[in-house]
Amino acid sequence: RRVLFRSLQQLLVLEYCARDRGRLIALLALEDEELLQAVGGRRRAELRALYEAFQPRELQRGPDVEPLCRHHLGYPRALNGPAAPTMLYVAGGAARLVQFTTAPVVAILGSRTASDYGMEMARSLARGLAASGVTVTSGLADGIAIAAHTGALQAQGATLAVVGGGLHVSCPARRRSLYERLTRTGCAVSELPCDCRGRRWGQLASERIVAELAALTVGGEAEETPGDLATARMAR
């Protein structure tokens, strides 16, 4: 599955499919051979050869990242939809992820260009939820998502970031200190190998993980941008 994602990304196939969120999520639900048939096109034979020759040791994984297969007992039970990822890469520890996802989980997300008021409301809500033993989850984008993680960390509670690309390459420099704080006491997860950039499709794909993990999804200041509402629509 990993080599398929990487190869299809190099061909920009998944990036093209990301123009239609519904189609992208439907493709992610396919088994490997079905995915090859659906999007391989003229490069199908080349992709199949790469897939068959792939060895797990080719994947880069740092000492701070643990893989978690969907057949593992610790894999989050909430991720049970047809498009759920086959594997998660976890920074912060798989055991901590198990602890966080067996507690109630609430997603807080919304506008990347939120107002000061929206940011403070997201921080306050996340702080209160985390102090009450609820796990707060979101992406790692600007705006409401960052405010939610900050609020949960202020309460020294559980916070879980879902990243759209590999854990070693997807965090922008301006968010590095927050990411390090988050993974010291919380978790960051991705379905892509650590060195694989998700581009646009990876971010869209990560939204389905946030939506499935959460029992409740809260959106802040997202009424004007369809992209900001995508995860809430998936949750619904």
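Our subject is the structure listed above.
Per-chain numbering applies: the sequence of each chain, read as written, is numbered from 1 onward. Per-residue local features of the predicted model are confined to residues with pLDDT of at least 70, and side-chain atom pairs are confined, for both listing and counting, to 80 or more; whole-chain, interface and lining totals are unaffected and use all residues. Working from all heavy atoms in the structure, the side-chain values ignore hydrogens and water.

We now examine the environment of Arg96. On the secondary structure map, Arg96 appears in helix α6 (residues 94–102). Taking relative accessible area as the criterion, Arg96 reaches 23% and is therefore assigned partly exposed. Residue contacts follow a heavy-atom distance rule, with two residues in contact if any of their heavy atoms lie within 4.5 Å. For Arg96, the contacting residues outside a window of four places in its chain are Thr183, Arg184, Thr185, Gly186 and Cys187. Of note is the side chain of Arg96, whose polar atom sits 3.3 Å from the backbone oxygen of Gly92. Polar contacts, as counted here, are pairs of nitrogen or oxygen atoms within 3.5 Å of one another; within protein the pair requires one atom able to donate a hydrogen and one able to accept it, and residues that are adjacent in sequence qualify only if both atoms are side-chain atoms. Within the local environment of Arg96, its side chain forms a polar contact with the backbone oxygen of Arg184, the two atoms lying 3.2 Å apart. Segments assigned H or I by DSSP are reported as helices when at least four residues long, segments assigned E as strands when at least two residues long, and all are numbered from the N terminus. Burial classes: relative accessible area under 20% of the type maximum marks a residue as buried, over 50% as exposed, and values in between as partly exposed (1.4 Å probe, protein chains only).

With that out of the way, let us pick up helix α4 (residues 32–39). Among the residues making up α4, those that are buried are Asp32, Leu35, Leu36 and Val39. Down the axis of α4, the sector holding all buried residues measures 100 degrees, keeping them to one side. At the exit of α4 stands Gly41, carrying a positive phi of roughly 55 degrees. This arc is built from the directions going out from the helix axis to the C-beta atoms.

With that settled, the discussion passes to the pattern of salt bridges. A pair is scored as a salt bridge if a Lys or Arg side-chain nitrogen falls within 4 Å of a carboxyl oxygen belonging to Asp or Glu. Evaluated as defined, the whole model comprises seven salt bridges. Its salt-bridge partner being Arg175, residue Asp142 comes within 2.8 Å of it at the nearest N-O pair. Here Arg175 lies in the loop between β5 (159–162) and α9 (176–185) and Asp142 lies in the loop between β4 (135–138) and α8 (144–154), a separation of 33 residues in the sequence. Overall, the relative accessible area of 26% leaves Asp142 in the partly exposed class. Classification of Arg175 as buried rests on a relative accessible area of 19%. Linked through salt bridges whose partners overlap, the residues forming this network are Glu120, Arg123 and Arg127.

Moving on to the pairing of strand β6 (residues 187–190). Along β6, one buried face is formed by Cys187 and Val189 and the opposite face, lined by Ala188 and Ser190, is buried too. In this sheet, β6 lies alongside strand β2 (residues 87–91) in antiparallel orientation, the contact comprising three bridges. Directly across from Tyr89, in β6, lies its bridge partner Ser190. Any two strands with at least two DSSP bridges between them are considered paired. When β5 meets β6, the two strands line up parallel, connected through three bridges. Bridge pairing in β6 links Val162 to Val189. Clockwise travel from the first strand over the helix to the second, with the strands pointing away from the viewer, marks a crossover as right-handed. Crossover connection from β5 via α9 to parallel β6: handedness right-handed.

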